[in-house]
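Tertiary structure, described
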Amino acid sequence: EPEVTQTPSHQVTQMGQEVILRCVPISNHLYFYWYRQILGQKVEFLVSFYNNEISEKSEIFDDQFSVERPDGSNFTLKIRSTKLEDSAMYFCGVRGAYNEQFFGPGTRLTVL
Amino acid sequence: AQTVTQSQPEMSVQEAETVTLSCTYDTSESDYYLFWYKQPPSRQMILVIRQEAYKQQNATENRFSVNFQKAAKSFSLKISDSQLGDAAMYFCAYYVDDKIIFGKGTRLHILP
């Protein structure tokens, strides 16, 4: 059973457009994460989120990125003005009991 | 800075044989968590096994086991009785400061 689902599975957008990626936890989770993986490269941490606040963020997570959990359920990642280099697989994660993270199936973002 | 190094970009193993994937990491922490994740062609990130640094006993999960050498900062993954479904990218990962740091991965091929 997956811990989290993500929508959409694939998003195609034009450079400069805003995109919102969604993460829906299956059961109650408190800690949320976003990672990205550019094709052929390693998985990189973007941001962690707990109690409606960002707890950690990486250098990648600049002012173009934002996260929120508006309805206490969906956890979203917004990219305000997409760039070509934002094309990647984006994974949402939730924390397990031993600090492991369980990831959703990912959203493949293609910026044209 | 914490880093995770996987020195084998690709490996191949005959079906039913045993293979070991290497991983080293760098940290100044004494208590931390280590993981191996599997990424099949679907690109889903699947947790294979975890190890708590304070535990001396090596973790095992069915055909998967680790060799954790804390002093050497080494964390290798052994896959016994390799199966075709084990073909995937394997990422070694380290948990610190509420985020996971991944290595660059080792692509494992299973030869029938």
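Model, not experiment: these values are computed from the prediction.

A word on the overall build of chain B. Counting its secondary structure elements, chain B contains zero helices and twelve strands. Along chain B, helices (α) and strands (β) appear in the sequence β-β-β-β-β-β-β-β-β-β-β-β when read from the amino end. Its C-alpha atoms give chain B a radius of gyration of 13 Å, near enough to 13 Å, the size a compact globule of 112 residues would have. With respect to the three principal axes, the spread of C-alpha positions in chain B is 40 × 25 × 20 Å. Per-residue burial for chain B yields a buried fraction of 52% across its 112 residues. Contacts in chain B between residues far apart in sequence, at least 24 positions, make up 53% of those at least 6 positions apart.

In this structure, strand E5 (residues 33-39) of chain B lies alongside strand E6 (residues 46-52) of chain B, joined through six bridges in antiparallel fashion. Directly across from Lys38 of chain B, in E6 of chain B, lies its bridge partner Ile46 of chain B.

By size, the foremost hydrophobic cluster in this structure holds 28 residues, and its most contacted members are Tyr25, Trp36, Phe75, Leu77, Tyr90, Tyr94 and Leu108 of chain B. For this core, the elements supplying multiple residues, two or more each, are strand E2 (10-14), strand E3 (19-21), E5, E6, strand E8 (64-69), strand E9 (74-79), strand E10 (88-96) and strand E12 (106-111) of chain B. Ranked by the residues each element gives to this core, the list is headed by E10 of chain B, at five residues. If we ignore the near neighbours within four places in the chain, the residues touching Leu77 of chain B are Val19, Thr20, Leu21, Trp36, Ile49, Phe64, Ser65, Val66 and Tyr90 of chain B. With 21 residues, the next largest nonpolar core counts Leu21, Phe32, Ile79 and Ala88 of chain A among its residues.

This structure, assessed with the given rule, holds seven salt bridges over all chains. One salt bridge connects Glu56 of chain A with Lys99 of chain B, and the closest N-O pair in it is separated by 3.9 Å. Highlighted residues: Glu56 of chain A in strand E6 (residues 53-57) and Lys99 of chain B in strand E11 (residues 99-102), drawn from two different chains. For Glu56 of chain A, a relative accessible area of 27% puts it in the partly exposed group. Where salt bridges share partners, they join Glu100 of chain A together with Arg50 and Glu52 of chain B into one cluster.

On to the layout of surface pockets. Considered as a void within the structure, the largest pocket measures approximately 440 Å³ in volume. Lining the largest pocket are 23 residues, and of these Phe102 of chain A together with Leu47, Val48, Ile49 and Arg50 of chain B sit closest to its centre. Mapped onto the lining of the largest pocket, the elements with two or more residues apiece are strand E10 (101-103) of chain A together with E6 and strand E7 (60-61) of chain B. Looking at the lining of the largest pocket element by element, the count peaks at seven residues for E6 of chain B. Residues belonging to the lining of the largest pocket are distributed by class as follows: twelve nonpolar, five polar and six charged. If you add up the space inside the second largest pocket, you get close to 350 Å³. Around the second largest pocket sit 16 residues that line it, and Lys42, Phe45 and Ser58 of chain A together with Lys99 and Ile101 of chain B are the ones nearest its centre. Of all the elements in the fold, those that place two or more residues in the lining of the second largest pocket are strand E5 (43-50) and E6 of chain A together with strand E1 (3-5) and E11 of chain B. In terms of residue count, the dominant contributor to the lining of the second largest pocket is E11 of chain B (four residues). Here the lining of the second largest pocket is built from residues that sort into seven nonpolar, three polar and six charged.

Calculation rules
- Residues numbered from 1 in each chain as written.
- Chains lettered and ligands numbered in written order.
- Predicted model: local features only at pLDDT ≥ 70, side-chain atom pairs only at ≥ 80, totals over all residues.
- Heavy atoms only, no water.
- Helix = DSSP H or I, 4+ residues; strand = E, 2+ residues; numbered from the N terminus.
- Rg over C-alpha atoms; globule rule 2.2 N^0.38 Å.
- Buried < 20%, exposed > 50% of the residue type's maximum accessible area, 1.4 Å probe, protein only.
- Contact = heavy atoms within 4.5 Å.
- Pairing = 2+ DSSP bridges.
- Core = buried A, V, L, I, M, F, W, Y, C linked by side-chain atoms within 4.5 Å.
- Salt bridge = Lys/Arg side-chain N within 4 Å of Asp/Glu carboxyl O.
- 1 Å grid on protein atoms, 1.4 Å probe; cavity = no way out; pocket = protein on both sides within 12 Å on 5 of 7 lines; lining within 4 Å.
- Points joined across faces, edges and corners; volume = space filled by probe spheres on them.
- Nonpolar A, V, L, I, M, F, W, Y, C, P; charged D, E, K, R; others polar.

No statement about biological role is implied by the geometric values presented.
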